[in-house]
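Architecture at a glance
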Amino acid sequence: MKKRILILCTGNSCRSQMAEGFLKSFDPELEVFSAGTNPSPQVHPNAVKVMKEAGIDLSNNYPKNVDEFINQSFDYVITVCDNAKETCPVFMGKVKHQLHIGFEDPAEATGTEEEILNTFRRIRDEIKRDFYQFYINEKQKEEQ
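All of these numbers come straight from a predicted model, not from anything done at the bench.

So, about the overall build of the protein. A tally of helices and strands in the protein yields three helices and four strands. Listed by position from the N terminus, the elements making up the protein come as β-α-β-α-β-β-α. Taken over C-alpha atoms, the radius of gyration comes to 14 Å for the protein, in line with the 15 Å a tight globule of 144 residues would show. Burial status across the protein gives 48% buried among its 144 residues. Counted over contacts in the protein with a minimum sequence separation of 6, partners at least 24 positions apart contribute 67%. Roughly 7600 Å² of accessible area belongs to the protein as shown, and the carbon and sulfur atoms make up 46% of that amount. Taken together, the 18 basic and 23 acidic charged side chains of the protein have centroids lying 4 Å from each other.

See below:
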């Protein structure tokens, strides 16, 4: 599946970074990027921590502005924001398919350190599940 995929959210510090990591782990032939409309200064340390638990290293990743990608073309642009609480970014560049696979923002979790980490783990697992389903569905479409 030689596809170019851009994953968008607001800060590019948690959800989009995790989705990028998982898609790359599913298929090294995918060209996967993530970006935000208002990038955070760094990838959230808890996102790095919980992805490391899943065997994916985000420690060298950094948030990027969507403007860096506006002149590139993509097969898919996927927004991962939580529609209920956030305004999803819109990609104005060349894209074949725009999709939305939304998740709540784990950076907004409150409670003890362990409760917050558990929220990050839950969102991580939801992202893995939903993006794996997306990946499998796309592979099946190619094979038909």
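A full pass over the atoms with the stated rule returns 10 aromatic pairs. Seen in terms of ring centroids, Phe131 and Phe134 are 6.3 Å apart; in terms of plane orientation they differ by 70°. Their pairing is edge-to-face. With Phe131 and Phe134 both in helix H3 (residues 113–143) and three residues apart, the pair spans about one turn of that helix. Judged by its relative accessible area of 6%, Phe134 falls in the buried class. Among the aromatic residues, those joined into a ring-pair cluster are Phe22, Phe26, Tyr132 and Tyr135. Between the NZ or CZ atom of Lys64 and the centre of the ring of Tyr62, over which it lies, the distance is 5.0 Å.

What follows deals with the side chain of Asn46. Within the secondary structure, Asn46 sits in helix H2 (residues 45–53). Apart from the residues within four sequence positions on either side, Asn46 is in contact with Ile116, Leu117 and Phe120.

A few words on the packing of helix H1 (residues 15–26) against H3. In contact at an axis separation of 9 Å, H1 and H3 are set at 45° when each is read in the N-to-C sense. When the axis of H1 is compared with that of H3, the two are oblique. Between H1 and H3 lies a crossing of right-handed hand. Where H1 abuts H3, its residues Arg15, Met18, Ala19, Phe22, Leu23 and Phe26 lie against Ile123, Arg124, Ile127, Lys128, Phe131, Tyr132, Phe134 and Tyr135. Looking at the contact of H1 with H3 residue by residue, the class counts come to 11 nonpolar, no polar and three charged.

This next bit is on H2. Where H2 is concerned, the buried positions are Asn46, Ala47, Val50 and Met51. When H2 is viewed along its axis, its buried side chains cluster within an angular range of 130° and face the same direction. Where H2 is buried, its residues contact H1 and H3. Backbone geometry just after H2 places Gly55 at a positive phi near 85°.

Taking strand neighbours across the sheet as the criterion, the four strands line up as E2-E1-E3-E4 in an open arrangement whose pairing is parallel. Strand pairing shows two members of the sheet lacking a second neighbour, strand E2 (31–36) and strand E4 (94–100), which therefore form its edges. Geometrically, the sheet is characterised by an average inter-axis angle of 25° between neighbouring strands, direction not taken into account. Where strand E1 (residues 4–9) and E2 come together, six bridges link them in parallel fashion.

Cut-offs and rules
Residues numbered from 1 in each chain as written. Predicted model: local features only at pLDDT ≥ 70, side-chain atom pairs only at ≥ 80, totals over all residues. Heavy atoms only, no water. Helix = DSSP H or I, 4+ residues; strand = E, 2+ residues; numbered from the N terminus. Rg over C-alpha atoms; globule rule 2.2 N^0.38 Å. Buried < 20%, exposed > 50% of the residue type's maximum accessible area, 1.4 Å probe, protein only. Contact = heavy atoms within 4.5 Å. Areas by Shrake-Rupley, 256 points an atom, 1.4 Å probe, with all protein chains shown as cover. Lys, Arg positive; Asp, Glu negative; His and termini not counted. Charge placed at Lys NZ, Arg CZ, Asp CG, Glu CD. Phe/Tyr/Trp six-rings, centres within 6.5 Å; stacked < 30°, edge-to-face > 60°. Lys NZ or Arg CZ within 6 Å of the ring centre and 35° of its normal. Axes fitted to C-alpha atoms, helices over the stretch in contact; angles between N-to-C directions. Parallel < 35°, antiparallel > 145°, perpendicular 65-115°, else oblique. Left-handed = near helix turned anticlockwise from the far one by under 90°. Nonpolar A, V, L, I, M, F, W, Y, C, P; charged D, E, K, R; others polar. Arc of directions from axis to C-beta. Pairing = 2+ DSSP bridges.

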